[in-house]
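Descriptive structure summary
Here is how the chains run, residue by residue.
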Amino acid sequence: MGTAENWRECRVVLPPSANWLVLDLARRDPETWAHEVSEQHIDGASAPERCGPFAEDLLWYWGAAVRQRAVCAALLAPPAGEVMASYTVREVKAPPEALSMDVLRAEMARAEGPFFGQPVLTGVELPLGSALRVHRFEPTGPDIGGSAILEGVAHYVLPRDYPTLLECRLLWTTLGLGEELGRLADELARSVRLL
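Read on for a plain summary of the structure. Not measured: the values here are computed from a predicted model.

**Describing helix α1 (residues 30-42)**
For α1, built from 13 residues, the straight-helix expectation of 18 Å at 1.5 Å per residue is met to within 8% by its first-to-last C-alpha distance of 18 Å. Listing the buried residues of α1 in full gives P30, W33, A34, V37, S38, H41 and I42. Down the axis of α1, the buried set is contained in an arc of 130°. They therefore lie on one face. The secondary structure elements touched by the buried residues of α1 are β2 (20-22) and α2 (48-67). Two residues or fewer after α1 comes D43, characterised by a positive phi angle close to 70°.

**So, the sheet that holds strand β8 (residues 165-172)**
Spatial ordering of the open sheet is given by β2-β3-β4-β8-β7-β6-β5, a layout of seven strands whose pairing is antiparallel. Looking along the sheet, the strands with just one partner apiece sit at the ends: β2 and β5 (116-126). On average, each strand axis in the sheet is inclined to that of its neighbour by 20°, with strand direction left out of account. Judged from the eight bridges that link them, strand β4 (residues 85-92) and β8 form a sheet pairing that is antiparallel. In the sheet register, T88 faces β8, and the bridge partner there is R169. α2 rests against β2, β3 (70-76) and β4 of the sheet, and its axis sits at about 150° to β3. Against the sheet, helix α3 (residues 101-109) contacts β5, β6 (129-139), β7 (149-159) and β8, and its axis sits at roughly 5° relative to β6.

Scoring rules and cut-offs
Residues numbered from 1 in each chain as written. Predicted model: local features only at pLDDT ≥ 70, side-chain atom pairs only at ≥ 80, totals over all residues. Heavy atoms only, no water. Helix = DSSP H or I, 4+ residues; strand = E, 2+ residues; numbered from the N terminus. Expected span 1.5 Å × (residues − 1). Buried < 20%, exposed > 50% of the residue type's maximum accessible area, 1.4 Å probe, protein only. Arc of directions from axis to C-beta. Contact = heavy atoms within 4.5 Å. Pairing = 2+ DSSP bridges. Axes fitted to C-alpha atoms, helices over the stretch in contact; angles between N-to-C directions.

In structure tokens:
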């Protein structure tokens, strides 16, 4: 849930699965929240040694989403494993003249990385409005050498009813699941609504 000048709330429909954790971005005490969620999600009674590290991961993703001013965020995290993917929706501040598909496509085509290879740019229509789908690989750190690889699909959406730009982005480090997670990113982007 998030607020903006022209809309009050952002909603995303997550697939029905116990593997999704919604990040409480309004939480004033994120450490307590992260430890409570970790205990419940991992079942702290059967694997107490995993709760602390998982809570640290939750806090890292929570902090990243807050710094990006995400309006909503969630993690795909099976209880037996680690965080597989993160999903965020954020409003991107852009001048009115930049709110067009042609401008978006031009900006994304010349965006400087570091990236691995060229991004794949595709125009798509979503229930919320026209969007540019961007699929790319990037390092987790500021340079390519020595960093892990992130794969991601972002939808830059121009909502029909609101003069704004949304970034709806799914990122993951589990290489080999790109096709499946790319489809999931598309499904999530189709579900985004502003109220």
